[in-house]
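Close look at the chain arrangement
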Amino acid sequence: MIEGVGMRIAVAGGTGRIGRLVVEEARRRGHDPLSLSRSEGVDLTTGEGLPALLRGVDAVVDATNPPVSDVAEAERVFTTLSRTLLTAEGEAGVGHHVALSIAALDRVRGNPHYAGKRAQEREVTRGAVPFTIVRATQFHDFPAMIAEWSIEDGEGIVPPLLLQPIAPADVAVALVDAAESPALGGSFDIAGPRTEDAVDMARRTLAAWGRELPLRAAWKGAALGVEFAGEVLLPGDDARTAPTTFDDWLSTETR
């Protein structure tokens, strides 16, 4: 990036949870963000009209997070989206593709979302566009979301697992940092500054939201299987550390 000159950064999934924050962060830094989402008339499945939209774009940040129900669907959907984006980027002359992925991706087998993200990374790695993959840990509200997904007999079931959670805003910062930098041709992990207990996080987050939901620590009936147990979800030792702690995030959290 030339000092004092803003970049043209396209954000796939720019109206989604992380994509919206990436657009805001890029604009805050003086860049010219372009949001790409179905709600804005952009079909990332077919890619129709996408090369024209991407002309003059310096970097594309892929923050898409499509819902998937099984491994086969996940691999198909993530592969299609990535292939479509990369093909359009190649035609438009985009110089850098930044993909948001998941820390500890290769340790979890059988989960559709993780399978989809592995398929996405394969496409990005094989593609002709220079790339950087940012692998983030779980977000701070992840345990509370698990509780709300897994209600049984009036109780939210949260598996007793260890996380090193990160604030969504910090993920957005890391993605824009990556877009501003030369393509890495590889991946790096980013995580919050300390490890946390998922059950405690869920209880405290729900309290901050004013949500009265009793919790039960268990694997049986939980939204996640035992393949996530122990320290599986913790990032690598060389992970980049984001500044926002769970306590910091919780102090400003309402719903």
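For the structure itself, consult the block above.
Residues numbered from 1 in each chain as written. Predicted model: local features only at pLDDT ≥ 70, side-chain atom pairs only at ≥ 80, totals over all residues. Heavy atoms only, no water.

The end-to-end C-alpha distance of helix H3 (residues 71-92) is 31 Å, a good match for the 32 Å that 22 residues give at a rise of 1.5 Å each. Looking at the packing, one finds that the buried side of H3 touches strand S1 (8-12), helix H2 (50-54), strand S3 (59-62), strand S4 (97-102) and helix H4 (112-126). One side-chain oxygen of the residue at the start of H3 lies 3.2 Å from the amide nitrogen of Ala-72, identifying that residue as Asp-70. Just downstream of H3 lies Gly-93, where phi reads positive at about 80°. (Helix = DSSP H or I, 4+ residues; strand = E, 2+ residues; numbered from the N terminus. Expected span 1.5 Å × (residues − 1). Contact = heavy atoms within 4.5 Å. Polar contact = N/O pair within 3.5 Å; in protein donor to acceptor, adjacent residues only side chain to side chain.)

Counted by the stated rule, this structure contains three aromatic pairs. Considering the side-chain rings of Tyr-114 and Phe-228, the 5.5 Å spacing of their centres and the 75° angle between planes classify their relative orientation as edge-to-face. One end of the pair, Tyr-114, is in helix H4; the other, Phe-228, is in the loop between strand S11 (215-217) and strand S12 (240-241), and 114 residues separate them in sequence. Tyr-114 gets classed as buried once you look at its relative accessible area, which sits at 6%. A centroid spacing of 6.4 Å and a plane angle of 80° characterise the contact between Phe-142 and Trp-149, whose relative ring orientation is edge-to-face. Among the residues examined, Phe-142 registers a relative accessible area of 17% and is labelled buried. Directly above the ring of Phe-188 sits Arg-240, whose terminal nitrogen or CZ lies 3.6 Å from the centroid. (Phe/Tyr/Trp six-rings, centres within 6.5 Å; stacked < 30°, edge-to-face > 60°. Buried < 20%, exposed > 50% of the residue type's maximum accessible area, 1.4 Å probe, protein only. Lys NZ or Arg CZ within 6 Å of the ring centre and 35° of its normal.)

What follows is about the sheet that holds S11. Pairing is mixed across the open sheet formed by three strands, whose spatial order is S6-S7-S11. What marks the edges here is a single partner per strand, and that holds for strand S6 (151-152) and S11. Packing against the sheet, helix H7 (residues 198-209) makes contact with strand S7 (155-158) and S11, and its axis sits at approximately 175° to S11. (Pairing = 2+ DSSP bridges. Axes fitted to C-alpha atoms, helices over the stretch in contact; angles between N-to-C directions.)

The subject of this paragraph is the side chain of Asp-170. Of note, Asp-170 is situated in helix H6 (residues 168-180). Setting aside chain neighbours within four positions, we find Asp-170 in contact with Ile-190, Ala-242, Pro-243 and Thr-244.

One recurring pattern in soluble globular proteins: nonpolar side chains tend to sit buried together. Ranked by internal contacts, the top residues of the largest apolar core, which has 27 residues, are Ile-18, Val-22, Val-134, Val-171 and Leu-175. Listing elements by their share of this core, those giving two or more residues are S1, helix H1 (17-28), S3, S4, strand S5 (131-136), H6 and strand S9 (186-191). Dropping the residues within four chain positions of it, Leu-175 is found in contact with Ile-18, Val-22, Val-61, Val-98, Leu-100 and Val-134. Judged by nonpolar contacts, the second largest core, of 26 residues, contains Leu-161, Leu-163, Val-199 and Leu-224. (Core = buried A, V, L, I, M, F, W, Y, C linked by side-chain atoms within 4.5 Å.)

It is worth spelling out the environment of Ser-37 at this point. Mapped onto the secondary structure, Ser-37 falls in the loop between strand S2 (32-36) and H2. A relative accessible area of 7% means that Ser-37 is categorised as buried. The spatial distance from the C-alpha of Ser-37 to the C-alpha of Gly-16 is 8.3 Å, given a sequence separation of 21 residues. In this view, Ser-37 contacts Gly-14, Thr-15 and Val-42; residues no more than four positions away in its chain are not counted. A distance of 3.3 Å separates a polar atom in the side chain of Ser-37 from a polar atom in the side chain of Thr-15. In terms of polar contacts, Ser-37 uses its side chain to reach the side chain of Glu-40, at 2.8 Å.

The next point concerns the pattern of salt bridges. In the structure shown here, the tally under the stated rule is 17 salt bridges. One salt bridge in this structure joins Arg-211 and Glu-148, with 3.1 Å as the shortest N-O distance. Taken as a pair, Arg-211 in the loop between H7 and S11 and Glu-148 in helix H5 (residues 142-149) lie far apart in primary sequence, 63 residues in all. For Arg-211, a relative accessible area of 32% corresponds to the partly exposed category. Looking at Glu-148, the relative accessible area reads 23%, which means it is partly exposed. Here Glu-196 ties to Arg-194 by a salt bridge, and the two come within 3.3 Å at their closest N and O atoms. (Salt bridge = Lys/Arg side-chain N within 4 Å of Asp/Glu carboxyl O.)

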